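Structure assessment
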Amino acid sequence: MHSDPRPGVRRHPHAFAAGSIGPLALPHRIIMGSMHLNFEADPAALAAFYAERAAGGAALIVTGGAAVNREGSGGRTYLVCGEPAFTRAAQAALRAVHDAGGMLALQLFHAGRYAFRETYGLQPLAPSAVWSGYSRALPLALDEEQIGLTLRDFAAAARQARDLGFDAVEIMGSEGYLLNQFASPLTNRRHDAWGGDAARRQAFPLAVLAAVRSAAGRDFPVIFRMSGADLVQGEAPQEEYSALAAALADAGADALNIGIGWHESRLPTVQALVPHGTWLPIASRIRADLRSRGIQVPVIGSNRINSVAQADAAIAAGNVDFVSMARPFLADPRILAKTKAGRSDLVNTCIACNEACIDRSLGTEPVSCLVNPRAGRETVFPAGIPGAVGPPGTPVAVVGAGPAGMQAAATLAASGALVHLFEAEAEIGGQFRLARVVPGKSDFAQTIRYFSSELPRLGVHVHTGVKASANSLAGFSHVVDATGVRPRTVQLPGSGVTVLDYHQAFADPAGLPRRIAVIGGGGIAVDLAHLLLQQGTFTPPEPESGAVRRFSREHLASGPQQPGFREITLLRRGPRIGEGIGPSTRWAVLQALRNSGAVLRTGVSYRELVPEGLLIEGPDGSAELIAADAVVIAAGQVENTVLQRGLTAAGLPHTVIGGAHSAAGLNAALAFAQGLEAGTDIAALLASGAPGTQKGPAAVAAGPFKAEPKGPASEHQIT
């Protein structure tokens, strides 16, 4: 292994060591885990998505869950095994993955009490009639006939998988779905052969494995994804999970993929604020118990592992035999190829924001990736073709190096344009520079690192500390205005308390006083409050040891903590704190704030500043003093329109994207997507030579641009 010429392989020998799952030989130990994509019914899109990742080094890809019958569907975007739509999609995906040199495993899925009646008009089925807060339904308890039919459906799905040419199957028995429901005392309240004690709660998962094994054959790889911890009150003791793992291994599972948590769990498992590898010890304990019994079945670990280096460390330590990474392959389909080549600096790292992936998968919108908006749209936005913009070196200016500007610059450069990217601050990244210091968001710094390497690789000329104006941009064929937003001002009468905007607060959090009132309840306000509650140097990235201590304090400790380092009151006129934060993240962040002693107030209005703090009016109209030594305004944003007005007046061809276009509903996912779309459209426009497109010289050097001084420090201050 150490003689391999590729530097990344030598650096991460355990992750890139060959392995096997039953009869399936694999060239390395990283599996692309299952993700429901909401576009499984589009064979071309599904094939292109999987093919790009197989070509990038994902040797074994596990599909999103395919329901074994209609009762088990997870929603109307799920495919059902045996139906024509499933067969068409499966055949297209298999051809594409195999042509790219990869292998594809089909995940066999049944939602149980997590199914939705409105999908097919069918009552959800479960081991017992236990209300589901997730699907808001009371399921019917499966009778013997229905259990038999369900087992036959799992067998038929496995047989079809083999006949179609899948390389393996994975049985979904984790995350609170049907098989996990049978194994749990919370949802299995039966007193027959399928429940009543720990041994009988194993019966249905083992029966499904037997049915699948019988239908697929002894020589066909079968992975079983089982729960290692449900993370809900009243769950089974740890020894039951280990006993089920041993029983599944003895019954012929070729590998055990350890899942964590239910939808009802109030412990975060996949959010950005979860430290890397937090839940690996669960898989490690199961593996250790299996080895103590002399069972050598491979154990696969997952959850919050977003780099090959982390996977290599987990395998080297003997915690797991394989690592499953799902979202990291959304962020960068070539994560393995780049790492093998020793270019991990060019990996577009998953930041676990969940905004375009998990949050969308819970609905019907097609899944993509915030930091890689091409994900899931590979047929619409094929990889850039050099020279696609027409004359080589067609000069284009992008002003503003936030998410929209960075993505637009990369897209245009990949299409052959000569791109100059101007950023008024000393570093690219836009508001990601603020986000990276927020507890649990240190991975946002990885996006800045990625573009800091990728943009020069693509030939983009990056000019930082330069405030471009219409006068300095006259020589370009096109200008992309991505200058972003400014903090919204709030007029507060009175005096006696320091008032700042959120940019000023983020610039020097350590210098702020102890008692702070934050006006605003959106994502930026929540992030700022979370930051101000921490005691430390506020220097990114957050140390891993500090992240673990913080996570334990905010989510694993019993009961809310008393205010310590600071007293933070978060105030909002509207009824809901955290508006705009994705559903999979909002509850976890608010839980962290409450458990850290923050006070959250809604339905208030602001009267005036007084020396003791801020006078507010509560929902009942009564006056109340919020004791504070400083008030921070984080009440939204407005468009920065300075540059676009100048470009319009000068008659320069330009496109406005991101926050500069509209601050309404703005988020990073939308900004990155607009950067991709605008870059693609402008490249096509320049290639067409359309009327009104100003053609510049074949090349533009960095020298001629006039660097105008940045605005005064008071430009964004509250007045």
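Remember, it's a predicted structure, so these values are computed and weren't measured experimentally.

About the criteria used
Residues numbered from 1 in each chain as written. Predicted model: local features only at pLDDT ≥ 70, side-chain atom pairs only at ≥ 80, totals over all residues. Heavy atoms only, no water. Helix = DSSP H or I, 4+ residues; strand = E, 2+ residues; numbered from the N terminus. Rg over C-alpha atoms; globule rule 2.2 N^0.38 Å. Buried < 20%, exposed > 50% of the residue type's maximum accessible area, 1.4 Å probe, protein only. Areas by Shrake-Rupley, 256 points an atom, 1.4 Å probe, with all protein chains shown as cover. Lys, Arg positive; Asp, Glu negative; His and termini not counted. Charge placed at Lys NZ, Arg CZ, Asp CG, Glu CD. Pairing = 2+ DSSP bridges. Axes fitted to C-alpha atoms, helices over the stretch in contact; angles between N-to-C directions. Salt bridge = Lys/Arg side-chain N within 4 Å of Asp/Glu carboxyl O. UniProt positions renumbered as here; feature names shortened; annotations may be inferred. Phe/Tyr/Trp six-rings, centres within 6.5 Å; stacked < 30°, edge-to-face > 60°. Lys NZ or Arg CZ within 6 Å of the ring centre and 35° of its normal. Expected span 1.5 Å × (residues − 1). Contact = heavy atoms within 4.5 Å. Disulfide = S-S within 2.5 Å. Polar contact = N/O pair within 3.5 Å; in protein donor to acceptor, adjacent residues only side chain to side chain. Core = buried A, V, L, I, M, F, W, Y, C linked by side-chain atoms within 4.5 Å.

**Some points on the overall build of the chain**
A tally of helices and strands in the chain yields 23 helices and 27 strands. In terms of C-alpha radius of gyration, the chain reaches 27 Å, essentially the compact-globule figure of 27 Å for 719 residues. With respect to the principal axes defined by its C-alpha atoms, the chain has extents near 75 × 65 × 50 Å. Expressed as a percentage of its 719 residues, the buried residues of the chain come to 58%. Entry remark: accessible area of the chain is about 26700 Å², with carbon and sulfur atoms responsible for 53%. In the chain, which carries 61 positive and 60 negative side-chain charges, the distance between the mean positions of the two groups comes to 2 Å.

**Looking at the sheet that holds strand β23 (residues 613-617)**
Here three strands make up an open sheet; going across it, the order is β22-β23-β24 and the pairing antiparallel. Every interior strand has two partners, whereas the edge strands, β22 (605-610) and β24 (623-627), have only one. Direction aside, neighbouring strands of the sheet carry axes that sit 30° apart on average.

**Let's talk about the pattern of salt bridges**
Applying the stated criterion to the full structure yields 27 salt bridges. Residue R304 pairs with D443 through a salt bridge whose shortest N-O separation is 3.3 Å. Taken as a pair, R304 in the loop between β11 (299-301) and α11 (308-316) and D443 in the loop between α16 (432-435) and α17 (444-457) lie far apart in primary sequence, 139 residues in all. What makes R304 buried here is its relative accessible area of 6%. Judged by relative accessible area, D443 falls into the buried class, the value being 6%. Of the charged contacts, one joins D332 and K338 as a salt bridge, the two residues approaching to 2.7 Å between their closest N and O atoms. For the pair D332 and K338, a shared accessibility class is recorded, and that class is buried. What you see here is one network of salt bridges that share partners, running through R287, R291 and D321.

**Concerning the UniProt feature "domain: NADH:flavin oxidoreductase/NADH oxidase N-terminal" (unreviewed entry) in the chain**
Residues given the UniProt feature "domain: NADH:flavin oxidoreductase/NADH oxidase N-terminal" (unreviewed entry) here are residues 20-344. Annotated as 38% helix and 17% strand, the span residues 20-344 places its first and last C-alpha atoms 26 Å apart.

**Observations concerning the packing of aromatic side chains**
Scanning all chains against the criterion turns up 15 aromatic pairs. With 5.7 Å between their ring centres and 55° between their planes, F116 and Y134 make a pair best called tilted. You can see F116 sitting in the loop between β5 (103-109) and α4 (117-120) and its partner Y134 sitting in the loop between β6 (125-126) and β7 (140-141), a full 18 residues away along the chain. Each member of the aromatic cluster is reached from another via a ring pair, and the members are Y78, F109, Y114, F116, Y134 and Y177. Above the ring of F322, the side-chain terminus of R29 is found at 5.1 Å from the ring centroid. Positioned over the ring face of W587 is R266, at 4.0 Å from the centre of the ring.

**What about helix α10 (residues 280-292)?**
Between its first and last C-alpha atoms α10 spans 18 Å; for 13 residues at 1.5 Å apiece the expected length is 18 Å, and the two agree. Among the residues of α10, those classed as buried are L280, I282, A283, S284, I286, R287, L290 and R291. Each element contacted by the buried residues of α10 is listed here: β9 (222-229), α9 (238-250), β10 (255-260), β11 and α11. Positive backbone phi, at 80°, marks G294, one or two positions downstream of α10.

**Some remarks on the state of the cysteines**
Each disulfide consists of one covalent bond between the sulfur atoms belonging to two cysteines. A complete count under the given rule lists zero disulfides for this structure. Of the cysteine sulfurs around C353, a residue in no disulfide, the closest is that of C357, at 5.8 Å. Assessed through its relative accessible area of 14%, C353 is described here as buried.

**So, the pairing of β22**
Strand direction decides the pairing type here: β22 and β23, joined by five bridges, are antiparallel. Along β23, the bridge assignment pairs L609 with L614.

**A few points about the side chain of E40**
On the secondary structure map, E40 appears in the loop between β3 (30-32) and α2 (43-55). The side chain of E40 sits in the buried core without any salt bridge; R76 is the nearest counter-charge, 12 Å away. A distance of 3.5 Å separates a polar atom in the side chain of E40 from a polar atom in the side chain of H36. For E40, the contacting residues outside a window of four places in its chain are M35, L46, G64, T77, L79 and A89.

**Some thoughts on the sheet that holds strand β16 (residues 478-481)**
Strand order in the open sheet formed by five strands is β15-β14-β13-β16-β27, with parallel pairing between adjacent strands. Edge strands, defined here as strands with exactly one partner in the open sheet, are β15 (461-464) and β27 (654-656). In this sheet, neighbouring strand axes are inclined to one another by 15° on average, regardless of whether the strands run parallel or antiparallel. Relative to β16, helix α23 (residues 668-688) is tilted by about 170°, and along the sheet it contacts β13 (395-399), β16 and β27.

**Details of unusual backbone geometry**
In this model, N38 sits at a positive phi of 65°, which is unusual for a non-glycine residue. With respect to the helices and strands, the residue N38 is situated in the loop between β3 and α2. Assessed through its relative accessible area of 8%, N38 is described here as buried.

**Focus on the nonpolar core**
With 170 residues, the main nonpolar core has Y50, M226 and L256 as its most contacted residues. Residues within four places of M226 in sequence aside, it is in contact with G173, S174, Y241, L244, A245, L248, L256, N257, I258, G259 and I286. Judged by nonpolar contacts, the second largest core, of 15 residues, contains V497, I519, Y606 and I626.

**Things to note about helix α8 (residues 203-216)**
Compared with the 20 Å implied by 1.5 Å per residue over 14 residues, the 20 Å span of α8 between its first and last C-alpha is a close match. Across the 14 residues of α8, ten count as buried, placing the element largely inside the fold. Inspection of α8 places F204, P205, A207, V208, L209, A211, V212, R213, A215 and A216 among the buried residues, and these make up the whole buried set. Within two residues after α8, G217 carries a phi angle of roughly 100°, on the positive side.

**Overview of the environment of T339**
By the element assignment, T339 lies in helix α13 (residues 335-340). Taking the C-alpha atoms as reference points, T339 and R488, separated by 149 residues in sequence, lie 42 Å from one another. With residues near it in sequence (within four places) discarded, T339 still touches G8, H12, F16, V308 and V347.

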